[in-house]
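Observations on chain architecture
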Amino acid sequence: MKRQQSVVVFGSMNMDLSVACERMPRAGETIAGSDFFTAAGGKGGNQAVAAARRGVATYMIAAVGADSFGDELTRGLEAAGVDCTHVEHLADIPTGTATILRSGGDNRIVLSAGANTVRTGEDAVRSLDALAAAGAVGMGSVFVAQGECDLSATAEALVHAHRLGCFTIFNPAPACQLPAEAWQEVDLVCLNETECEAVTGILPVDDASCTAALRALEQLTAGGTAVITLGGAGSAALIEDVLMQVPAQDCEVVDTTAAGDTYIGVFAAARAEGETLFECMMQASLAAGLAVTRLGAQPSIPTWDEVIRWAMSR
Ligand code: RIB
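Here we summarise the structure given alongside this text. Note that the coordinates shown come from a computational prediction; the quantities given were computed from them, not determined experimentally. (Residues numbered from 1 in each chain as written. Predicted model: local features only at pLDDT ≥ 70, side-chain atom pairs only at ≥ 80, totals over all residues. Heavy atoms only, no water.)

1. Some thoughts on the overall build of the protein chain
Of regular secondary structure, the protein chain possesses 10 helices and 13 strands. With the principal axes as the frame, the protein chain shows a C-alpha extent of 55 × 50 × 40 Å. When burial is assessed residue by residue, the protein chain has 53% of its 314 residues classed as buried. Of the contacts formed within the protein chain by residues at least 6 apart in sequence, a portion of 68% connects residues at least 24 apart. A total of about 13100 Å² of accessible surface is found on the protein chain, and carbon and sulfur atoms cover 52% of it. When the 18 basic and 38 acidic side-chain charges of the protein chain are each reduced to a single mean position, those positions are 4 Å apart. (Helix = DSSP H or I, 4+ residues; strand = E, 2+ residues; numbered from the N terminus. Buried < 20%, exposed > 50% of the residue type's maximum accessible area, 1.4 Å probe, protein only. Contact = heavy atoms within 4.5 Å. Areas by Shrake-Rupley, 256 points an atom, 1.4 Å probe, with all protein chains shown as cover. Lys, Arg positive; Asp, Glu negative; His and termini not counted. Charge placed at Lys NZ, Arg CZ, Asp CG, Glu CD.)

2. Examining the nonpolar core
Counting residues in each nonpolar core, the largest one holds 47 residues, and the members touching the most others are Val7, Met60, Ile169 and Phe267. Considering each element in turn, this core owes the most residues, 8 residues, to helix H8 (residues 259–272). Setting aside anything within four residues of it in sequence, one finds isoleucine 169 in contact with Val142, Phe143, Val144, Ala145, Leu188, Ile264, Phe267 and Ala268. (Core = buried A, V, L, I, M, F, W, Y, C linked by side-chain atoms within 4.5 Å.)

3. Some points on the layout of surface pockets
Empty space within the largest pocket amounts to approximately 1200 Å³. If you go around the largest pocket, you meet 48 residues; those closest to its centre are Asn192, Thr256, Ala258, Ala259 and Gly260. For the lining of the largest pocket, the secondary structure elements donating two or more residues are strand E2 (14–21), helix H1 (43–54), strand E6 (96–103), strand E7 (106–112), strand E10 (188–192), helix H6 (193–200), H8 and helix H9 (277–291). A breakdown of the residues in the lining of the largest pocket according to their chemical character gives 21 nonpolar, 19 polar and 8 charged. (1 Å grid on protein atoms, 1.4 Å probe; cavity = no way out; pocket = protein on both sides within 12 Å on 5 of 7 lines; lining within 4 Å. Points joined across faces, edges and corners; volume = space filled by probe spheres on them. Nonpolar A, V, L, I, M, F, W, Y, C, P; charged D, E, K, R; others polar.)

4. With respect to the packing of H1 against H8
The interhelical angle for the contact between H1 and H8, taken along N-to-C directions, is 45 degrees, at an axis separation of 7 Å. For the element pair H1 / H8, the angle class is oblique. As for how H1 packs across H8, the hand of that crossing is right-handed. Mapping the contact onto sequence places Lys43, Asn46, Gln47, Ala50, Ala51 and Arg54 in H1 and Asp261, Thr262, Ile264, Gly265, Val266, Ala269 and Ala270 in H8. Its residues assigned to classes, the contact of H1 with H8 shows 6 nonpolar, 4 polar and 3 charged. (Axes fitted to C-alpha atoms, helices over the stretch in contact; angles between N-to-C directions. Parallel < 35°, antiparallel > 145°, perpendicular 65-115°, else oblique. Left-handed = near helix turned anticlockwise from the far one by under 90°.)

5. Observations concerning helix H4 (residues 151–163)
An ideal rise of 1.5 Å per residue puts 18 Å on 13 residues; H4 measures up with 18 Å between its terminal C-alpha atoms. Among the residues making up H4, those that are buried are Ala153, Thr154, Ala155, Ala157, Leu158, Val159 and Ala161. The elements touched by buried residues of H4 are strand E1 (6–10), helix H3 (121–133), strand E8 (142–146), strand E9 (167–171) and helix H5 (180–183). One or two steps after H4, the chain reaches glycine 165, where phi turns positive at roughly 105 degrees. (Expected span 1.5 Å × (residues − 1).)

6. Considering a nonpolar patch on the surface
A cluster of nonpolar side chains, namely Ile239, Phe278 and Met282, defines an oily patch on the protein surface of about 230 Å² accessible area. Here methionine 282 is to be found in helix H9. (Patch = residues over 30% accessible without salt bridge, like charges linked within 9 Å, V, L, I, M, F, W, Y side chains within 5 Å. Salt bridge = Lys/Arg side-chain N within 4 Å of Asp/Glu carboxyl O.)

7. Examining the sheet that holds strand E12 (residues 235–239)
Read from one edge of the open sheet, 9 strands run E5-E4-E1-E8-E9-E10-E11-E12-E13, paired in mixed fashion. In the strand order of this sheet, the two ends are held by strand E5 (82–90) and strand E13 (242–246), each with one partner. For this sheet the average axis-to-axis angle between neighbouring strands, irrespective of direction, equals 20 degrees. One ladder, built from 5 bridges, connects E8 with E9; its direction is parallel. The partner of phenylalanine 143 across the bridge, within E9, is threonine 168. Packed onto the sheet, H6 meets E9, E10 and strand E11 (225–229) and runs at close to 120 degrees relative to E10. The sheet strands contacting H8 are E1, E8, E9, E10, E11 and E12, and the helix crosses E9 at an angle near 175 degrees. (Pairing = 2+ DSSP bridges.)

8. Remarks on the environment of aspartate 83
Checked against the element boundaries, aspartate 83 lands in strand E5. The spatial distance from the C-alpha of aspartate 83 to the C-alpha of alanine 297 is 19 Å, given a sequence separation of 214 residues. In this view, aspartate 83 contacts Thr58, Tyr59 and Met60; residues no more than four positions away in its chain are not counted.

Laid out in structure tokens, this is it:
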């Protein structure tokens, strides 16, 4: 059987409303902000754009409202090369939004899920089957999901994608849990420190806690692989039970929004091409490093040519 080299993302699409502030406001306080912009975002959309810009055939399964944000987000994904045949435009419900406060190279996000939580597991299974019947998705494809859509739909989609032969990646962001039987269909879980603490009860702060958390995640996924992204400290995984760390890129941080999504999308694309775990982590780390030097979610996600030129210029 021919192995597919494709990535299919079941996930969220948001319009990001982003504003900079000197510091985060306290309860009941109004403070001055600046440099407001809107940009295409949503963890699912960002991961799909990262995979497509890395150069692999990418399919999005999602829902937006039948409104101007939904149209703009879909056009943006298509321009990046993502197939949006299975992005539904739903009447009577708005497109998801994320209100982002940027301060000191960090951010805080408030989500309004809108259409993102409307698609059911049945809808996702129907889309996956249609993609499989069209020969777009199957053995060797990589399926990616996160925590911004309905979680039972996400669990059903993960299980079905696995049965279709996909390598499944789950990014529990925002931090969330899956039913135990769905965790067992996860081939690779990728999450940051705080999500790791929420899922395993272990905050990875040093080699010992990182190793313990990775082992707990491997157990949760019934022998799957786990990768923890550690911001400025890079990313970590176990290879044959030995802790392996890939350092973060040394660069000026402008905006961290979508850095983790860039990491996951590029990782998924490299995995679809059959790269090793270490190589996937290296490519993902390089692309995420370039993304944090730019503003916004999808506008910051680089093409692979840009990543190579950036790496060579350093
Ligand atoms: O991970 C970054 C993304 O989280 C933003 O684009 C925002 O839409 C939220 O979903």
